[in-house]
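Close look at the chain arrangement
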Number of protein chains: 2
Amino acid sequence: MSVISSHGPIYPVILSGGSGTRLWPLSRPECPKQFIPLVTDRSMMQETLLRTLGVPGFEPALVVSSASHGALVREQVAALNHMPAAVILEPMGRNTAPAIALAANWIAKQDRQALMLVMPSDHVIADVPAFHAAIAAAAPAARDGRLVTFGIQPHYPETGYGYIAKGDALDADGVVHTVAQFVEKPPRAQAEAYLAGGRHYWNGGIFLFSAGVLLDELERYAPAVAASSGHAMAASRQEDGFILPDETAFGASPDISIDVGVMEKTDRAAVVPVDMGWSDVGSWDALWAIRDRDGDGNSMKGGVVSVDGVGNLIYVDGGPPVAMIGLRDSVVVSTAKGVLVMPRDRSQDVKTVVERIRGGALV
Amino acid sequence: MSVISSHGPIYPVILSGGSGTRLWPLSRPECPKQFIPLVTDRSMMQETLLRTLGVPGFEPALVVSSASHGALVREQVAALNHMPAAVILEPMGRNTAPAIALAANWIAKQDRQALMLVMPSDHVIADVPAFHAAIAAAAPAARDGRLVTFGIQPHYPETGYGYIAKGDALDADGVVHTVAQFVEKPPRAQAEAYLAGGRHYWNGGIFLFSAGVLLDELERYAPAVAASSGHAMAASRQEDGFILPDETAFGASPDISIDVGVMEKTDRAAVVPVDMGWSDVGSWDALWAIRDRDGDGNSMKGGVVSVDGVGNLIYVDGGPPVAMIGLRDSVVVSTAKGVLVMPRDRSQDVKTVVERIRGGALV
């Protein structure tokens with residue numbers, strides 16, 4: 001920790017604007033998955049806050065969320081007895097570049113040199129010491145003006161993530177590397193080659209850079225984002241403890257990710273590989289993989305009677321109790337809003353269900 | 001119908017004492033399956049009433065049910081605008097022989113010669129004209145003192161039913177036969193032999209006999225049943241339109257089926273084979289088999305989104321809507337009390353679930 005704190009203040013910036021539906025029926029627009037205690041007794045948003053809360057070298061966190069989730073953020077932050085540095089509520093979603101730019105503007109007003117550790121609010125990190133070690137390794141490079149992304153050590157050839165190819169080592173320890181290439185979601189064979197080659201990492205969307213450098217690079221590569229976020233923060237209001245950026249100014253921002261807007265263009269990108277039990281819990285299958293399971297490979301939550309089940313996730317939260325007979329490698333979710341049943345390997349198709357429901361089914 | 005009516009009055013006697021749980025979570029002790037609109041928009045109890053309601057030759061029906069279901073019976077009978085001859089509420093369940101004996105006592109007080117057509121309240125009969133024809137064929141034999149059971153034409157080697165082997169023909173048409181043997185639930189190979197042999201029928205628990213003959217045979221083969229039911233009806237009370245047999249007298253009755261108590265012992269048994277689209281809807285799989293299905297073999301009721309499903313029964317009644325992806329030959333039931341998920345061929349194991357719930361699971 002002293003390694004972290006020796007490099008000046010780091011502001012955790014927690015991005016909580018997502019409204020993912022891949023965990024329907026549990027995750028819904030009014031309560032996305034970062035606010036749900038999916039893996040532990042705390043929500044992933046709370047777990048994300050706890051990764052830096054009270055750790056030497058870290059300032060209180062900034063949370064960037066959507067206007068419709070302000071009450072949820074307040075409640076979940078308060079439950080940790082935590083006073084965040086700021087809670088910024090976006091008037092509308094504009095992807096990660098504008099969200100990070102809002103936080104960078106706030107931090108730069110305190111200290112342009114200060115580092116910001118950008119973290120999605122809905123990822124699991126099982127090995128927090130490994131994460132802290134990676135931050136400590138990345139901090140000198142970030143202080144030197146690098147935009148550091150953390151490259152997640154892949155353990156299987158996932159085709160649903162972007163990859164980062166590392167280039168030359170930048171530090172004496174050989175931990176920080178230049179970025180040779182950002183790669184979009186690859187086909188299966190390519191993902192397998194990446195895994196075998198040992199130079200590719202998953203792009204987990206976790207970053208460390210100084211607020212001033214980020215704003216400079218935004219100015220250079222995404223000037224419309226820089227301008228709209230700057231104006232939105234300059235004209236922001238304070239209300240009920242929230243910071244509300246100006247809606248008109250922010251609405252003028254393009255919808256663009258930090259990867260596309262800055263990371264893939266800047267020559268200051270660096271990558272720090274890390275193996276830390278990371279998961280984006282991007283599907284019911286992914287949730288099954290990181291939850292505790294019994295000797296038959298079943299993970300069960302809530303009122304469940306299981307007869308002859310193997311390899312299932314049975315998740316009851318607010319819905320009727322579930323009795324399951326003879327299922328194998330399946331997912332059953334019971335909520336008050338809906339019941340989902342499928343083989344685990346169809347987890348990516350939940351989006352089809354959500355589309356049909358939005359199209360009018362079940363309404 | 002004139003064939004039926006030419007043989008004097010027939011009282012339909014509907015046995016509605018069952019509290020089956022093989023269709024959990026839909027069927028539960030407080031609302032057994034005969035009261036649920038499982039197959040059509042009417043309950044099976046109502047469908048059973050309608051099979052003789054207004055048909056020439058049939059008197060209004062007697063319903064024998066349990067004290068805890070009196071209100072349900074009243075409501076469902078009233079919905080048909082039907083005035084039954086009598087609704088007898090058993091103070092406790094004592095199996096079919098005592099239940100039938102109660103009705104026989106009531107009918108014999110009107111007319112010992114009158115026939116009674118005993119029907120379980122929770123069976124489906126798709127081909128009612130075939131049923132009526134079988135009754136017409138059976139009526140002369142019943143009038144002559146036979147206890148006629150209807151032998152259901154088997155279409156597959158079911159191991160969960162008792163079988164009836166027919167003996168010699170008793171009438172000129174070769175329809176009514178003596179009973180060569182009643183057989184308990186057979187092993188698979190034996191059931192297959194029965195099916196191939198063409199002399200065995202399923203024992204569907206549907207009977208035609210005169211009230212007086214039934215009481216005589218009870219007196220001979222099950223005197224304790226005859227005595228207790230006689231006393232219970234002699235000391236019965238009328239309340240709210242129900243007939244309430246005396247509890248102490250009825251409670252003294254042995255718990256015994258009409259098959260074991262009378263049919264397997266009497267030399268007056270006869271069987272009339274009938275092929276009438278019969279089902280006892282004894283499992284979720286059986287319900288799937290008799291419901292309408294789409295081109296992919298799916299039968300769906302209530303709010304359902306189905307993606308790539310084949311051969312499934314998805315049944316939503318009072319529970320959250322169900323989204324199902326990629327299931328094959330499975331059952332999903334959603335009620336407010338519970339959700340059930342299993343392959344269709346595990347339908348017989350629902351009883352295991354119910355036992356576990358009674359043992360304290362989910363409570």
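Whatever comes next refers back to the structure up there.
It should be emphasised that the depicted structure is a prediction, and the values quoted were computed from it without experimental measurement. (Residues numbered from 1 in each chain as written. Chains lettered and ligands numbered in written order. Predicted model: local features only at pLDDT ≥ 70, side-chain atom pairs only at ≥ 80, totals over all residues.)

Buried accessible area, meaning the area lost when the parts come together, often serves as the stated size of an interface. Taken together, the 31 residues of chain A in the interface contact 31 residues of chain B. Put simply, the parts of the chain that give the side of chain A that touches chain B at least two residues each are strand S15 (304–307), strand S17 (322–325), strand S18 (330–334), strand S19 (339–343) and helix H12 (350–358) of chain A. With five residues, S19 of chain A is the single largest residue contributor to the side of chain A that touches chain B. The class makeup of the residues in the side of chain A that touches chain B is 20 nonpolar, seven polar and four charged. (Contact = placed C-beta atoms within 7 Å. Helix = DSSP H or I, 4+ residues; strand = E, 2+ residues; numbered from the N terminus. Nonpolar A, V, L, I, M, F, W, Y, C, P; charged D, E, K, R; others polar.)

Quick look at the sheet that holds strand S16 (residues 313–316) of chain A now. If you trace the six strands from one edge of the open sheet to the other, you get S14(A)-S16(A)-S18(A)-S19(A)-S17(B)-S15(B), paired in mixed fashion. Where the open sheet ends on each side, the last strands, each with one partner, are strand S14 (299–301) of chain A together with strand S15 (304–307) of chain B. With direction set aside, neighbouring strand axes in the sheet form an average angle of 5°. By the bridge criterion, three bridges tie S19 of chain A to strand S17 (residues 322–325) of chain B in an arrangement that is parallel. In the sheet register, Leu 340 of chain A faces S17 of chain B, and the bridge partner there is Ala 323 of chain B. In the packing of H12 of chain A onto the sheet, contacts are made with S15 and S17 of chain B, and the angle to S15 of chain B comes to roughly 135°. (Pairing = 2+ DSSP bridges. Axes fitted to C-alpha atoms, helices over the stretch in contact; angles between N-to-C directions.)

Moving on, we get to the pairing of strand S6 (residues 147–152) of chain A. Residue and element names in this part refer to chain A. When you tally the buried positions in S6, you get six out of six residues, the bulk of the element. Here S6 shows a buried face lined by Leu 147, Thr 149 and Gly 151 and a second buried face lined by Val 148, Phe 150 and Ile 152. The pairing of S6 with strand S12 (residues 269–274) spans six bridges and is parallel. Bridge pairing in S12 places Val 148 opposite Ala 270. Relative to strand S9 (residues 200–210), S6 runs antiparallel, the two being bridged by four bridges. Each residue of the ladder has a partner; that of Thr 149, found in S9, is Phe 207. (Buried ≥ 20, exposed ≤ 12 C-beta atoms within 10 Å, placed from the backbone.)

Attention now moves to the sheet that holds strand S19 (residues 339–343) of chain B. What the six strands build is an open sheet, ordered S15(A)-S17(A)-S19(B)-S18(B)-S16(B)-S14(B); its pairing is mixed. The two strands at the open ends of the sheet, each matched to only one other strand, are S15 of chain A together with strand S14 (299–301) of chain B. Across the sheet, the axes of successive neighbouring strands diverge by a mean angle of 5°, strand direction being ignored. Helix-sheet contacts for helix H12 (residues 350–358) of chain B involve S15 and S17 of chain A, and the interaxial angle to S15 of chain A is about 135°.

Let's shift gears to the pairing of S16 of chain A. Two faces belong to every sheet, and in a regular strand the side chains alternate between them. Residues and elements named next belong to chain A. Burial along S16 is two-sided: the face carrying Leu 313 and Tyr 315 and the face carrying Ile 314 and Val 316 are both buried. Two strands pair when backbone bridges link them, and S14 and S16 are joined in this way by three bridges, in the parallel orientation. Residue pairing for S16: Ser 299 is matched across the bridge by Leu 313. The pairing of S16 with S18 spans four bridges and is parallel. Across the sheet, Tyr 315 pairs through a bridge with Val 333, a residue of S18.

After a rotation of 180° and a shift along the axis of 0.0 Å, chain A superposes on chain B with an RMSD of 0.0 Å. Such values leave the two copies arranged in the relation of a two-fold axis. Here 100% of the interface residues in chain A have copies in chain B that are interface residues too; the copies meet face to matching face. (Least-squares fit on C-alpha atoms with pLDDT ≥ 70 in both.)

Turning our attention to the environment of Leu 50 of chain A. Residue and element names in this part refer to chain A. Inspection of the secondary structure puts Leu 50 in helix H2 (residues 44–50). C-beta crowding within 10 Å serves as the criterion here: with 15 such atoms nearby, Leu 50 is assigned to the partly exposed category. Residues Leu 50 and Glu 264, 214 residues apart in the sequence, show an inter-C-alpha distance of 30 Å.

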